[in-house]
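The lines below spell out each chain.
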Amino acid sequence: MDQGLAALLGATVGVAGTVLASAITGWSARQQVQAQARAEHAHWRRQVRRDAYSAFLAPASECQHALKMAGRAFVGERDTEEVDRRLQQAQGQLALAQAAWANLAVEGPEAVEQAARSVYTTLKSTQTTLLAFRDAPADAPDGNVRFVERHAVEVARLSERIGEFTAAARSALDDIGD
């Protein structure tokens with residue numbers, strides 16, 4: 001083979017190798033940038049969801065506490081003033097939880113929104129029971145046993161629902177790929 005042709009062929013292979021190496025480097029850089037962007041987006045979504053979950057859980061827990069304390073105000077000498085104060089606190093927290101729940105419907109996932117709905121529904125049911133208990137005559141022949149029993153069941157159910165919400169939220173934060 002002619003030395004000039006061999007030199008030209010060698011130079012062409014060298015240029016092709018350089019171009020190929022450059023293309024591979026560029027592709028690799030783009031892949032790294034895209035992977036970094038996905039990781040940053042997942043981190044941002046996780047933060048937004050965590051904030052949304054906390055924004056729901058805090059007032060729901062406060063409402064739960066206020067409803068529990070309102071129920072205790074019925075024990076012994078009925079303290080209607082304390083019951084009303086606690087029910088008013090619960091109502092304020094319930095409104096905050098409802099607003100946060102609307103945000104959960106957007107942030108998702110569906111399992112977390114459903115768990116939040118279950119918490120909210122149980123909070124409302126517990127509140128309704130206490131309102132009925134408050135309006136029942138204090139000297140009822142059965143001692144308002146049905147309200148006391150219903151309230152006890154709802155308080156236990158509410159604790160379960162909040163636990164389920166917390167577990168669903170934790171799971172969603174661990175699995176941000178949806």
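We now turn to the structure provided with this report. (Residues numbered from 1 in each chain as written. Predicted model: local features only at pLDDT ≥ 70, side-chain atom pairs only at ≥ 80, totals over all residues. Heavy atoms only, no water.)

**So, the overall build of the protein chain**
Next, step 1: Scanning the protein chain from N- to C-terminus turns up 4 helices and 0 strands.
Next, step 2: Of the regular secondary structure in the protein chain, the N- to C-terminal order runs α-α-α-α.
Next, step 3: A total of 178 residues make up the protein chain; the buried ones form 33% of that total.
Next, step 4: Counted over contacts in the protein chain with a minimum sequence separation of 6, partners at least 24 positions apart contribute 77%.
Next, step 5: Entry remark: accessible area of the protein chain is about 10,800 Å², with carbon and sulfur atoms responsible for 58%. (Helix = DSSP H or I, 4+ residues; strand = E, 2+ residues; numbered from the N terminus. Buried < 20%, exposed > 50% of the residue type's maximum accessible area, 1.4 Å probe, protein only. Contact = heavy atoms within 4.5 Å. Areas by Shrake-Rupley, 256 points an atom, 1.4 Å probe, with all protein chains shown as cover.)

**Thoughts on the packing of aromatic side chains**
Next, step 1: Taken as a whole and judged by the stated rule, the model has 5 aromatic pairs.
Next, step 2: With a centroid separation of 5.0 Å and an interplanar angle of 55°, the aromatic rings of F56 and F165 are classed as tilted. Taken together, the residues span a long stretch of sequence, with F56 in helix α1 (residues 3-72) and F165 in helix α4 (residues 145-174) at a distance of 109 residues. Residue F56 shares its accessibility class with F165, and that shared class is buried. (Phe/Tyr/Trp six-rings, centres within 6.5 Å; stacked < 30°, edge-to-face > 60°.)

**Some remarks on the environment of A115**
Next, step 1: By the secondary structure assignment, A115 is in helix α3 (residues 110-135).
Next, step 2: Linking A115 and R161, residues 46 residues apart in sequence, is a C-alpha distance of 7.0 Å.
Next, step 3: Setting aside anything within four residues of it in sequence, one finds A115 in contact with E164, F165 and A168.

**Things to note about α4**
Next, step 1: Relative to the 44 Å expected for 30 residues at 1.5 Å per residue, α4 spans 44 Å between its end C-alpha atoms, a close match to the ideal helical length.
Next, step 2: Every buried residue of α4 is accounted for by F147, H151, E154, V155, L158, R161, I162, F165, A168, A169, A172 and L173. (Expected span 1.5 Å × (residues − 1).)

**A few points about unusual backbone geometry**
Next, step 1: Note that the residue after G108, namely P109, is joined by a cis bond; omega there is -5°.
Next, step 2: Tracing the backbone through its elements, the reader meets P109 in the loop between α2 (80-107) and α3.

**A word on the nonpolar core**
Next, step 1: Grouped together as the largest cluster of nonpolar side chains are 35 residues, with contacts concentrated most on Y53, F56, L104, V119, L123 and F165.
Next, step 2: Elements with a contribution of two residues or more to this core: α1, α2, α3 and α4.
Next, step 3: Those residues in contact with Y53, other than ones at most four positions away along the chain, are L104, G108, P109, V112, F165, A169, A172 and L173. (Core = buried A, V, L, I, M, F, W, Y, C linked by side-chain atoms within 4.5 Å.)

All we've got here are geometric facts, nothing functional implied.
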